[in-house]
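If you want the building blocks of each chain, they are given just below.
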Amino acid sequence: MVNFTILAGGYDLFIATYLFNSAASTLSLAGKYPTGANSSWITLHPTNGSVLYAVNQNNDDAVQSFSVTPEGVLSEAVVTVSSGGLRPAHAAALTSGQLAVVNYSGGNARIIPTTDSPLNLDVSDSGIITFPSPEGGVSHPHMAYQYKNEVFVPDLGSDTVWRLVEDGSPGNWKIAGSIDQPKGSGPRHIVVYDELLYTLHELSSTLTVQAIPTLGATNTSALLANVSIVPSDPPEGAAYAAGEILIPPPSQEFPIPYVYVSNRNTGTTLPRGDSIAIFEYCEGELKLVNQVYTGINQIRGMEFGGEHGDYLVMSGVVGEGGVAVFKRIEGGKNMVEVARNTEVLTRTTFVWL
């Protein structure tokens, strides 16, 4: 297979569709489809690839559902419902058929059931989970991540990862525990791999690894590893804020589960752009494998795709880097750019169809 369709949301009024031809190394803008304001995070239904969800990251607190064809043609919004709080930053479609949404400025979350169709989001019996504010601060939940029957929520404001469980029926969830994070680190996004919690911290630009404690036993778990992701040669005036973390599953082509994290230099803008830092967790240690510069500034969204996870699509929120596709080489230790499109200069989130 050489033709791939990619959807991209952003701080705008549309979702863009791109066609990536891996044989010709081309990335073409195929269309723009209207959404609510700031579809900054999009996600597909886990079993029905024709259903797409998008947050509207603004004070109108909305989340929308769309139908999408294999060619990336989006319908008008089928349903628009309240996320239950201000500036929803992330949504995750759960295997139970519910949609978890976290509200960055609202300090809360909502897990929304669907009815007869996964397009039909039903908030009539969907409670709001409010996260405790830290002393002298505010809660800033930044992601929803399904772990078995729980939903993990990294909270950048509270320096913790909340653990949610269903409370009797779909749409009703409660806080059942948490996993403490280093003070002032600002946990942003997480991945669980091989029963270990990998956390990317925005405020400290660090990557940590922890064991996941038994729910209800303790809220603490020792850091098995804790490293900076910042390049060794930051430019003058740099101010870093970590963005995204991905661990693509290993395969014959890529046998080592490398950890890919994005840097965001919010202080300066340079032609070389920001880097993707590649790490390997081995023998209790996070080892830096590479820093790959991308020509994209403030990389907020990136996603692996292709037949074997060969390709990484990415974009930033400032500058003129557009959308770029990189190919993994050397077993995943390195990446090279294979295609770029600058018709839309910034994007924040991607899915491969």
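Rules used throughout
Residues numbered from 1 in each chain as written. Predicted model: local features only at pLDDT ≥ 70, side-chain atom pairs only at ≥ 80, totals over all residues. Heavy atoms only, no water. Helix = DSSP H or I, 4+ residues; strand = E, 2+ residues; numbered from the N terminus. Rg over C-alpha atoms; globule rule 2.2 N^0.38 Å. Areas by Shrake-Rupley, 256 points an atom, 1.4 Å probe, with all protein chains shown as cover. Lys, Arg positive; Asp, Glu negative; His and termini not counted. Charge placed at Lys NZ, Arg CZ, Asp CG, Glu CD. Pairing = 2+ DSSP bridges. Axes fitted to C-alpha atoms, helices over the stretch in contact; angles between N-to-C directions. Core = buried A, V, L, I, M, F, W, Y, C linked by side-chain atoms within 4.5 Å. Buried < 20%, exposed > 50% of the residue type's maximum accessible area, 1.4 Å probe, protein only. Contact = heavy atoms within 4.5 Å. Salt bridge = Lys/Arg side-chain N within 4 Å of Asp/Glu carboxyl O.

Engineer: What exactly am I supposed to notice about the overall build of the protein chain here?
Structural biologist: When its secondary structure is counted, the protein chain shows zero helices and 28 strands. A globule of 353 residues ought to have a C-alpha radius of gyration of about 20 Å, and the protein chain, at 19 Å, matches this closely. In terms of overall dimensions, the protein chain has a C-alpha envelope of 50 × 45 × 40 Å along the principal axes. As presented, the protein chain carries roughly 13,500 Å² of accessible surface, and 50% of it is formed by carbon and sulfur atoms. Averaging the positions of the 17 positive and the 33 negative side-chain charges in the protein chain gives two centres separated by 3 Å.

Engineer: Before we go on, may I ask you to explain the sheet that holds strand 18 (residues 206-211) in this structure?
Structural biologist: Either a parallel or an antiparallel arrangement is found when strands of a sheet pair, and the pairing is made through backbone hydrogen bonds. Ordered in space as 16-17-18-19, the four strands form an open sheet in which the pairing is antiparallel. Sheet topology places strand 16 (187-193) and strand 19 (223-228) at the edges, where each strand pairs with a single neighbour. Ignoring strand direction, the axes of neighbouring strands in this sheet form an average angle of 15°. With five bridges joining them, strand 18 and strand 19 adopt antiparallel strand pairing. If you follow threonine 206 over to strand 19, its bridge partner there is serine 228.

Engineer: Mind showing me how you'd approach the nonpolar core here?
Structural biologist: The tendency in soluble globular proteins is for nonpolar side chains to be buried side by side. Of all hydrophobic cores here, the largest spans 27 residues; its most connected members are Phe152, Leu207, Val261 and Phe279. Those elements that place two or more of their residues in this core are strand 12 (145-147), strand 16, strand 17 (196-201), strand 18, strand 19, strand 21 (259-262) and strand 22 (275-282). For this core, the element with the most residues is strand 17, which contributes four residues. Those residues in contact with phenylalanine 279 that lie beyond four places of it in its chain are Leu207, Val227, Ser228, Ile229, Tyr258, Val259, Val261, Leu286, Lys287, Leu288 and Val289. Of all hydrophobic cores here, the second largest spans 16 residues; its members include Ala8, Tyr311, Val344 and Trp352.

Engineer: For this particular structure, what's the right way to read the pattern of salt bridges?
Structural biologist: One side chain can pair with another of opposite charge once the charged atoms of both are near each other. On inspection of all chains with the given rule, the structure shows six salt bridges. In this structure, glutamate 202 engages arginine 188 in a salt bridge whose closest nitrogen and oxygen atoms are separated by 2.7 Å. Taken together, the positions of glutamate 202 in the loop between strand 17 and strand 18 and arginine 188 in strand 16 put the pair 14 residues apart, joining distant regions of the chain. On the basis of relative accessible area, glutamate 202 is assigned to the buried category, the value being 14%. A relative accessible area of 3% places arginine 188 in the buried class.

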